[in-house]
Amino acid sequence: MSNPGQDNSVWESIKVGEDLGSLTYLFTEEMVADYRRVVNNPRAAYPTVAGRHPARLFYRKYASVMRVPNMGQESQYHNPPLPGKSITISAHIADKYIRREKTYLVIEAKATDEDGRLIEVSRLIGLARPVGQPALAEVTKKWSN
Amino acid sequence: MEQLNSGGKKEKRLLKLGDQLHPITQPVLLENMIEFEKIVWDRGVNSHTDTDAAKKDGLSKPLASGQNQMAFVHELLEKNFGDAWVYGGRISIRYIHPVYAGDKITARGAVTEISDINGKTTLTLMIWCENQDEIKTAAGTAFVGQPEVSCSW
C-alpha cells in the first residue's frame with residue numbers, strides 16, 4: 001500500500017519496460033576538467049558520474065509531473081569515457097515497487113560511445129513523488145536535522 | 001593498490017579477506033555542490049544548490065546529491081584498485097543519511113568475500129561513506145578484481 005496522502009496516478013501509469021528513448025551528447029575535455037575540479041580528484045576516471053544518465057532521460061519525459069530523488073544506485077563500469085567522443089545514452093523503466101508505503105522507480109541507462117565502446121550501465125533507485133509534493137514527511141523529518 | 005618493492009618499483013598487492021581499503025576524505029563545499037549540478041547537465045536551481053528550493057522540499061538547507069557521494073566512492077575504488085575498478089567494477093549503493101555543505105566525508109571499504117570462478121578472482125567489498133561524526137551517509141557493496149598497478153585512464 002502506498003502513502004495515502006500522495007497522488008500516485010502518474011506512478012501507476014508508468015509501465016515497467018517503458019522506453020525513455022536515447023540522447024547523444026559530446027563529451028568534452030572541459031567536462032572532464034570541471035568534474036575533476038569540483039570533486040577535488042585530478043585523476044577521476046568517470047566524469048559521467050555527474051551526468052546522471054538515468055535521471056536525465058527520465059526527466060526529459062516526466063519533469064513536469066514527477067520527481068525521483070536518488071535513494072540509491074547500481075552501476076557497472078566497463079570503459080572510462082574519452083573526451084572528444086560522443087556518448088549515446090538510452091534508458092528504460094527497469095522496475096517499480098512500493099516499500100514501506102513509498103513508491104519507487106528503478107531507471108536503467110546504458111551509455112556507449114561513438115566507437116561502440118560500452119561505458120557504463122547504471123540504475124537509479126528513485127523515490128517517486130509528484131511535482132509539488134514535498135518529500136515524504138518521515139523522510140523529511142529524518143533528513144532535516 | 002600498489003606498494004614499492006625493494007627495487008623501488010611498483011608492484012601489485014593482493015588483498016585478503018578482512019583487509020581494509022585505504023580511505024579517502026573529502027570536504028563538501030557549497031560552491032562545489034553548485035558546480036557539480038552544472039556539470040554535464042545543468043538542471044537549474046534545485047534542493048542541491050539553493051536554500052529556498054530545499055525548503056520547498058521540506059529540507060532545512062541544500063543537501064549534496066547522491067552522485068556527489070558516488071564521486072567520492074569512485075575515488076576510493078580508483079585509488080585502491082586502478083584499472084581493476086575502472087574496467088569492470090560493479091557497485092550497489094544506497095544513500096542513507098543527508099550530506100550537507102561543511103561536512104567532511106570519508107569513503108571506506110573492506111573485503112568481505114573472495115571468489116574464484118574459472119580462474120577469475122572477484123572481491124566483494126563492503127563500501128560506505130561516513131561524515132565527520134562517524135554517521136554513515138551511504139552504504140553498499142562493490143565487486144572488483146584484485147588491485148591492478150596500472151591506471152591507464
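Sequence order sets the numbering: in each chain, residues are counted from 1 along the sequence as written. Labels follow written order: the first chain is A, the first ligand is 1, and so on. With pLDDT at 70 or above as the cut-off, local features in this predicted model cover only qualifying residues; side-chain atom pairs require 80 or more to be listed or tallied, and sums for whole chains, interfaces and linings still use all residues. For the side-chain quantities, the full set of heavy atoms in the structure was used; hydrogens and water were omitted.

Would you take a moment to explain the overall build of chain B for this structure?
The number of helices and strands found in chain B is four helices and seven strands. Runs of H or I in DSSP of at least four residues are treated as helices and runs of E of at least two as strands, each being numbered from the N terminus. Across chain B, helices and strands are ordered from the amino to the carboxyl terminus as β-β-β-α-α-α-α-β-β-β-β. Seen through its principal axes, chain B has C-alpha atoms that stretch 55 × 30 × 30 Å. Burial status follows relative accessibility: with a 1.4 Å probe on protein chains alone, a residue under 20% of its type maximum counts as buried, one over 50% as exposed, and anything between as partly exposed. By residue count, 52% of the 153 residues in chain B fall in the buried class. At a minimum sequence separation of 6, the contacts of chain B that also span at least 24 residues come to 62%. Residue exposure ignores everything except the shown protein chains as possible cover, and the areas themselves are Shrake-Rupley values with a 1.4 Å probe. Looking at chain B as shown, the accessible area adds up to about 7,000 Å², and 49% of this sits on carbon and sulfur atoms. Charged residues are defined here as Lys and Arg on the positive side and Asp and Glu on the negative side; His and the ends of the chain fall outside this count. Each charge is placed at NZ for Lys, CZ for Arg, CG for Asp and CD for Glu. Taking the average location of the 17 positive side-chain charges in chain B and that of its 20 negative ones, the two points are 3 Å from each other. Here, residues are in contact when the closest pair of their heavy atoms is within 4.5 Å.

In this structure, what is going on with the pattern of salt bridges? I would like to understand it.
Should their charged atoms come close, side chains of opposite charge can pair. Note on definitions: salt bridges are taken to be side-chain nitrogens of Lys or Arg within 4 Å of carboxyl oxygens of Asp or Glu. In the structure shown here, the tally under the stated rule is 12 salt bridges over all chains. Salt-bridge contacts for Arg94 of chain B lead to Glu74 of chain A; the nearest nitrogen and oxygen are separated by 3.0 Å. With Arg94 of chain B in strand β4 (residues 90-95) and Glu74 of chain A in strand β3 (residues 70-77), this residue pair bridges two chains. Its salt-bridge partner being Arg123 of chain A, residue Glu108 of chain A comes within 2.6 Å of it at the nearest N-O pair. Residue Glu108 of chain A is found in strand β5 (residues 102-113), and its partner Arg123 of chain A is found in strand β6 (residues 118-127); the two are separated by 15 residues along the sequence. Given the relative accessible area of 29%, Arg123 of chain A is considered partly exposed. The structure contains a network of salt bridges with shared partners spanning Asp34 and Arg37 of chain A together with Glu35 of chain B.

Any chance you could explain the packing of aromatic side chains here in plain terms?
The geometry of two aromatic rings is summed up by the distance between their centres and the angle between their planes. Any Phe, Tyr or Trp ring, taking Trp's six-membered ring, that has another such ring centre within 6.5 Å forms a pair; planes under 30 degrees apart are called stacked, those over 60 apart edge-to-face, and the others tilted. Considering all chains together, one arrives at six aromatic pairs over all chains under this definition. When the centroid spacing of 4.9 Å and the interplanar angle of 25° are considered together, the rings of Phe58 of chain A and Tyr62 of chain A count as stacked. In this pair, Phe58 of chain A and Tyr62 of chain A are both assigned in helix α3 (residues 53-62), four residues apart and thus about one turn of the helix distant. Per residue, the accessibility class of Phe58 of chain A equals that of Tyr62 of chain A, and both read buried. An angle of 20° between the planes, with centres 5.2 Å apart, marks the rings of Tyr97 of chain A and Tyr104 of chain A as stacked. Taken together, Tyr46 and Tyr77 of chain A together with Trp85 of chain B form an aromatic cluster joined through their ring pairs. The residue whose ring lies beneath Arg43 of chain A is Trp153 of chain B, and the NZ or CZ to ring-centre distance is 5.2 Å. Charge-over-ring contacts are defined here by two conditions on Lys NZ or Arg CZ: a distance within 6 Å of the ring centre and an angle within 35 degrees of the ring normal.

What is the right way to look at the interface of chain B and chain A in this model?
A common way to report how large an interface is uses the accessible area buried once the components associate. Taken together, the contacts link 41 residues of chain B with 41 residues of chain A. We define buried area as the total accessible area lost by two parts upon association, computed with a 1.4 Å probe and summed across both. Of the roughly 3,800 Å² buried between chain B and chain A, counting both surfaces, carbon and sulfur atoms make up 53%. Inspection of the chain B/chain A interface yields four salt bridges. At the level of secondary structure, the elements contributing two or more residues to the side of chain B that touches chain A comprise α1 (30-38), α3 (66-81), α4 (83-86) and β4 of chain B. Following the grouping adopted for this structure description, the nonpolar residues are Ala, Val, Leu, Ile, Met, Phe, Trp, Tyr, Cys and Pro, the charged ones are Asp, Glu, Lys and Arg, and the polar ones are all others, Gly among them. For the side of chain B that touches chain A, a count of residues per class yields 20 nonpolar, 11 polar and 10 charged. Pairing between two strands is assigned when DSSP locates at least 2 bridges connecting them. As paired strands, β3 of chain A and β4 of chain B are joined by five bridges and run antiparallel to one another. In the strand pairing of β4 of chain B, Gln73 of chain A is matched with Ile93 of chain B.

Explanation requested: the confidence of the model for chain B in the structure shown.
Interpretation of the predicted coordinates at a detailed level should be avoided for regions scoring low in pLDDT. All names here are of chain B. Note: pLDDT gives the predictor's confidence per residue, expressed from 0 to 100. Averaged over all residues, the pLDDT of chain B is 90; the fraction at 70 or higher stands at 91%. Here strand β1 (residues 2-4) stands out as the least confident element of chain B, with mean pLDDT 51; strand β7 (residues 136-144) is the most confident, with 98. Both scores are given for the predicted complex: the pTM is 0.91, the ipTM 0.90.

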